Amino acid sequence: MREFIFIFLTINAHFLSAQEDVKKLDQLIHDWHKAASEAKFDSYFNCLTDDFIFLGTAPGERWRKKEFQEFSKPFFDRGKAWDFKASNRIWNFSKDGKTAWFDEDLATWMQGCRGSGVCIKIKGLWSISYYNLTVLIENEKIKEFIELRKN
């Protein structure tokens, strides 16, 4: 009986910890998107690890943090960078609980997009280390899209 109680308490503690991490991570990503919409450069980039990578929608858009800061600065300086409204975010965790990855639907000026990312926990704090932004295209429209890209 004692073993059963120990196992139950261990599983329950792990579940509660994961729930708390999801809340923290959701808030991190929410605040990150919000910082862009409010042109808060430092708040936006302070959410990221030093080795952060951003994959944009255009071919060749693979930005390291410093490059992405340089690219983004003029947008932030204008008073509004971009405004992504996220929904349907789904989280997954590594066994050790120090890495989390997610995908989310985004309402943007580009219409429907999807973001996916990786967050890591360093000294008890979560940071974003990778983000991939994609524009969604329906399968039945892909031939038209391919033709459009050829021009």
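Note that the structure is a prediction, hence the values are computed from the model and not measured. (Residues numbered from 1 in each chain as written. Predicted model: local features only at pLDDT ≥ 70, side-chain atom pairs only at ≥ 80, totals over all residues. Heavy atoms only, no water.)

1. With respect to the side chain of glutamate 104
Applicable threshold: Helix and strand definitions follow DSSP, with helices as H or I runs of at least four residues and strands as E runs of at least two, each counted in order from the N terminus. Using a 1.4 Å probe on the protein chains alone, a residue whose accessible area is under 20% of its type maximum counts as buried, one over 50% counts as exposed, and one in between counts as partly exposed. Two N or O atoms count as a polar contact when they lie within 3.5 Å, although within protein this holds only if one can serve as hydrogen donor and the other as acceptor, and sequence-adjacent residues are included solely when both atoms are side-chain atoms. Contacts were defined at the residue level, with two residues in contact if any of their heavy atoms lie within 4.5 Å.
Structurally, the position occupied by glutamate 104 is in strand S4 (residues 99-108). Looking at glutamate 104, the relative accessible area reads 0%, which means it is buried. Polar contacts involving the side chain of glutamate 104 include one to the side chain of histidine 33, which spans 2.8 Å. Once residues lying within four places of it in the same chain are set aside, the contact partners of glutamate 104 are Ile29, His33, Ala86, Ser87, Asn88, Arg89, Cys113, Arg114, Gly115 and Tyr131.

2. Points about the packing of aromatic side chains
Going by this rule: For this analysis, a ring pair means two rings from Phe, Tyr or Trp (six-membered ring only for Trp) whose centres lie within 6.5 Å, classed as stacked if their planes differ by under 30 degrees, edge-to-face if by over 60, and tilted for the remaining angles.
Enumeration over the complete set of coordinates arrives at 25 aromatic pairs. Between phenylalanine 41 and phenylalanine 45 the ring centres are 4.7 Å apart and the planes differ by 45°, which places this aromatic pair in the tilted class. A residue pair is termed a helical-turn pair when its members lie 3 or 4 positions apart in one helix, as phenylalanine 41 and phenylalanine 45 do in helix H2 (residues 41-46) at four residues. In this pair, the class of phenylalanine 41 matches that of phenylalanine 45, namely buried.

3. Overview of the nonpolar core
Heads up, the condition is: To qualify as a nonpolar core, a set must consist of buried Ala, Val, Leu, Ile, Met, Phe, Trp, Tyr and Cys residues joined through side-chain atoms within 4.5 Å.
Core analysis: the biggest nonpolar cluster contains 31 residues, and Trp32, Tyr44, Phe54, Phe76, Cys119 and Ile128 have the highest contact counts within it. Contributions of two or more residues to this core are made by helix H1 (2-37), H2, strand S1 (48-55), helix H3 (65-77), S4, strand S5 (111-122) and strand S6 (125-135). No other element matches the six residues that H1 contributes to this core. Once residues within four sequence positions are removed from consideration, tyrosine 44 is found in contact with Trp32, Ala35, Ala36, Phe54, Phe68, Phe76 and Trp82.

4. Looking at the pairing of S1
Keep this limit in mind: DSSP calls a pair of strands paired once it identifies at least 2 bridges connecting them.
Of all eight residues in S1, six are buried; the element is thus mostly enclosed. Where S1 and S6 come together, four bridges link them in parallel fashion. For isoleucine 53, the partnering residue across the bridge sits in S6 and is tyrosine 130. With antiparallel pairing between neighbouring strands as the criterion, S1 and strand S2 (residues 62-64) make up a hairpin whose turn holds six residues, including glycine 60 at a positive phi of roughly 85°.

5. Considerations on H3
Quick reminder of the rule: For a helix, the expected span equals 1.5 Å multiplied by the number of residues minus one.
Between its terminal C-alpha atoms H3 stretches 17 Å, which fits the 18 Å expected from 13 residues at 1.5 Å a residue. Listing the buried residues of H3 in full gives Lys65, Phe68, Ser72 and Phe76. Just downstream of H3, glycine 79 is the residue with a positive phi angle, here 100°.

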